[in-house]
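Inside the fold
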Amino acid sequence: MNSSPHPTPSGSVRTTGQQLRRRSWAEPWKIKMVEPIKVTTPQQREAALSAAGYNTFLLRSEDVYIDLLTDSGTSAMSDWQWAGLMLGDEAYAGSKNYYHLEEAVRRHYGYKHLIPTHQGRGAEHILSQIMIRPGDTVPGNMYFTTTRYHQEHAGAQFVDVIIDEAHDPASPHAFKGDVDLAKLERVLKSAKRVPYVCLAATVNMAGGQPVSMRNARAVKELCARHGVPVMMDATRAVENAWFIKCREPGYSEKSCAQILLEFCSYTDGCTMSGKKDALVNIGGWLSLNDDALADKARNLVVVYEGLHTYGGMAGRDMEAMARGIEESVQDDHMRARVGQVEYLGGLLQASGVPVVVPIGGHAVYLDARRFYPGMPQDNFPAQTLAAELYLDGGVRAMERGVVSAGRDKATGRHHYPKLELVRLTIPRRVYTQAHMDVVAESVVAVYENPSKPKGLRMVYEPEYLRFFQARFELL
Ligand code: P71
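Residues numbered from 1 in each chain as written. Predicted model: local features only at pLDDT ≥ 70, side-chain atom pairs only at ≥ 80, totals over all residues. Heavy atoms only, no water.

As a further point, take the overall build of the protein. Secondary structure assignment for the protein yields 16 helices and 16 strands. Relative to a compact globule of 475 residues, whose C-alpha radius of gyration would be 23 Å, the protein shows 22 Å and is just as compact. When the backbone C-alpha atoms are referred to their principal axes, the protein occupies close to 65 × 60 × 50 Å. Counted over contacts in the protein with a minimum sequence separation of 6, partners at least 24 positions apart contribute 73%. Each charge sign in the protein was given a centre, from 54 positive and 54 negative side chains, and these centres are 2 Å apart. (Helix = DSSP H or I, 4+ residues; strand = E, 2+ residues; numbered from the N terminus. Rg over C-alpha atoms; globule rule 2.2 N^0.38 Å. Contact = heavy atoms within 4.5 Å. Lys, Arg positive; Asp, Glu negative; His and termini not counted. Charge placed at Lys NZ, Arg CZ, Asp CG, Glu CD.)

Below, the structure written as structure tokens:
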């Protein structure tokens, strides 16, 4: 596989007076193909939203103007990735592209074994089934919906061990994804059995917040003392590496790729949704260092995903992901990627809109509680805000509050998360700065609108991962 050409732009220049002066940067690519999107009328949006039961997951994409539902599988691939699609080796077994992918994962993530899966939750399923026994406890730095589902489905109880600051949208802590080591140690000492600790980098539900290298190292040391492996959710680990480069002392001169490799070295394996960092529309993998565990995973992957050399992906998908990994770890890519998210965050902050700070790696999170002070969580403030945003300008966002949190398995009551958020998620290499301006204008209009809605009532609730298909009515 050829490596991709990536000149590194300089972020600053020396002037004749030898003073360091900042210069603007821009994306390290230009646009070769475009996809039309259409603006709808308020009447059309009202009809579409009501048909979708006030759930943005149930809208048709063609009714959406700017789609910030997710950064998952929505990225634009490069010409180099598209060229790779034509080199798909669609052999049932031992496809070339599998070996390219294995090489890319080894080079940049450093793990020994690669088990491909159709996407992240496929890897979570296999990992949970091979490691968890009923009655186990899995500590993690905040839950993620599919991750916790698979842990619980395998019989474990999830325990949140993230630092308290992560639950406070206004806390400016630079590494809100960090594990609280005292909380973790208590779980390690008191639980009957801990099969592994789940370390997510960055932490999606906390607002795309990073874990520091120092914390990852400390988690590894603590877990090693207890003989417990650390499994990373590497879905956005490259974005995490970028934050370490920008914020953690001692890392500013290291490349994103070097930082990623060091970070992974403090973990024993990972689950990965390639649909985010790895710049593809579908794909994922499970990585493991332990030989016996990898054998078990390969045994199970053939039951649920496909042969252990494709795991639910076509050869061409694996090639696109191998190339996406190479592109994703480039510093200039990450500067533009996170820079765009920070640009939108900055616009909203300048207008006084309540957002989670610091601005995350893949999204700007609106604090729905502060949009609608006094609205009870039972009226679904974040779900309501996502609906209002769509109505205003056709911008689609995602609820990340009480609907996403689901119900407690034992009591049947809603989980009431402290964070009641709406996520404006930025696809990679898809929208322009002008799109971000339009989004910010729409959010500000909704925030400043004096007529506040009362909220929503849930009229249909699916049993699993209810946020995807739940339906609501206006109160
Ligand atoms: C996101 C998604 C996609 C999604 C998943 C569930 C509800 C709504 C949207 C997926 C992740 C993720 C992390 C940290 C594992 C997965 C599953 N995120 N870990 O944010 O963010 O990966 O979608 O490939 O199965 O919109 P998968």
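Turning to the domain arrangement of the protein, a few remarks are in order. For interface size, the figure often reported is the accessible area lost on association. Per the domain assignment, the segments of the protein are domain 1 (42-71 + 331-474) and domain 2 (79-328). For domain 1 and domain 2, the distance between their C-alpha centroids amounts to 26 Å. If you look at the interface, domain 1 gives 34 residues, while domain 2 gives 40 residues. Of all residues in domain 1, Met334, Pro358 and Leu419 bury the most surface against domain 2, accounting for 20% of the area lost on that side. Inspection of the region where domain 1 meets domain 2 yields six salt bridges. In this structure, the salt-bridge partner of Arg428 is Asp277, at a minimum N-O distance of 3.9 Å. Elements supplying a minimum of two residues to the side of domain 1 that touches domain 2: helix 12 (331-350), strand 11 (363-367), helix 15 (402-405) and strand 14 (421-425). Among the elements that take part in the side of domain 1 that touches domain 2, helix 12 stands out by supplying seven residues, more than any other. (Domains from an automatic or database assignment. Buried area = accessible area lost by both parts, 1.4 Å probe. Salt bridge = Lys/Arg side-chain N within 4 Å of Asp/Glu carboxyl O.)

Under the criterion given, the structure shown has 27 salt bridges. Salt bridges sharing common partners tie together Asp71, Arg236, Glu239, Asp277, Arg337 and Arg428.

For Thr117, the location among the structural elements is in strand 4 (residues 113-117). Of the residues examined, Thr117 reaches a relative accessible area of 0% and is grouped as buried. (Buried < 20%, exposed > 50% of the residue type's maximum accessible area, 1.4 Å probe, protein only.)

Strand order in the open sheet made by the three strands is 11-14-13, with antiparallel pairing throughout. The open sheet has two free edges, formed respectively by strand 11 and strand 13 (398-400), since each of these has just one partner strand. Between one strand axis and the next, the sheet turns by 35° as a mean value, whatever way the strands run. Judged from the five bridges that link them, strand 11 and strand 14 form a sheet pairing that is antiparallel. Among the inter-strand pairings, Val364 is bridged to a residue of strand 14, identified as Leu424. Across the sheet, helix 12 lies against strand 11 and strand 14, angled at about 25° from strand 11, the strand it touches most. Lying over the sheet, helix 14 (residues 381-393) contacts strand 11, strand 13 and strand 14, oriented at roughly 40° with respect to strand 14. (Pairing = 2+ DSSP bridges. Axes fitted to C-alpha atoms, helices over the stretch in contact; angles between N-to-C directions.)

So, about a nonpolar patch on the surface. On the surface, a nonpolar cluster with roughly 310 Å² of combined accessible area is contributed by Trp29, Ile31 and Val34. Secondary-structure assignment places Trp29 in the loop between strand 2 (20-22) and helix 1 (42-51). (Patch = residues over 30% accessible without salt bridge, like charges linked within 9 Å, V, L, I, M, F, W, Y side chains within 5 Å. Areas by Shrake-Rupley, 256 points an atom, 1.4 Å probe, with all protein chains shown as cover.)

Moving on, we get to the site of the ligand. Residues in close proximity to the ligand total 22 residues, the closest being Thr70, Arg121, Asp233, Ser273 and Arg423. For the ligand, a nitrogen atom lies 3.5 Å from a polar atom in the side chain of Thr235. Contact between the ligand and Arg236: an oxygen atom at 2.9 Å from a side-chain N or O atom of the residue. Here the ligand, which alone exposes 550 Å², has 97% of that area covered by the protein. Elements that contribute at least two residues to the shell around the ligand include exactly helix 4 (120-131), helix 5 (145-153) and strand 13. Of all the elements, helix 4 adds the most residues to the shell around the ligand, at three residues. (Near = heavy atom within 4 Å. Polar contact = N/O pair within 3.5 Å; in protein donor to acceptor, adjacent residues only side chain to side chain.)

For strand 5 (residues 137-140) and strand 6 (residues 157-160), the ladder comprises four bridges, and the chain directions are parallel. Each residue of the ladder has a partner; that of Val138, found in strand 6, is Phe158. With helix 5 bridging strand 5 and the parallel strand 6, this β-α-β connection has right-handed handedness. (Right-handed = clockwise from strand over helix to strand, strands pointing away.)

Looking now at unusual backbone geometry. Apart from glycine, the bulk of residues carry a negative phi angle, and the bulk of peptide bonds sit in the trans form. Between Ala201 and the following residue, Thr202, the backbone shows a cis peptide bond with an omega angle of -10°. With respect to the helices and strands, the residue Thr202 is situated in the loop between strand 7 (197-200) and helix 7 (213-225). For the bond running from Val357 to Pro358, omega is -15°, close enough to zero to count as cis. Mapped onto the fold, Pro358 is located in the loop between helix 12 and strand 11. In the Ramachandran plot, Tyr54 falls in the positive-phi region, its phi being about 55° despite a non-glycine side chain. Here Tyr54 lies in the loop between helix 1 and strand 3 (66-67). Phi is positive for Leu465, which is not a glycine, with a value near 40°. Summarising the element assignment, Leu465 is placed in the loop between strand 15 (456-460) and strand 16 (471-474).

Right, let's talk about the packing of aromatic side chains for a bit. By the definition in use, this model includes ten aromatic pairs. Ring plane angle 75° and centroid distance 5.8 Å describe the contact between Tyr149 and Tyr464, whose orientation is recorded as edge-to-face. Residue Tyr149 is located in helix 5, and its partner Tyr464 is located in the loop between strand 15 and strand 16; the two are separated by 315 residues in the primary sequence. For Tyr149, a relative accessible area of 24% corresponds to the partly exposed category. Centroid distance Phe371 to Tyr447: 4.9 Å. Interplanar angle 65°. Geometry classified as edge-to-face. (Phe/Tyr/Trp six-rings, centres within 6.5 Å; stacked < 30°, edge-to-face > 60°.)

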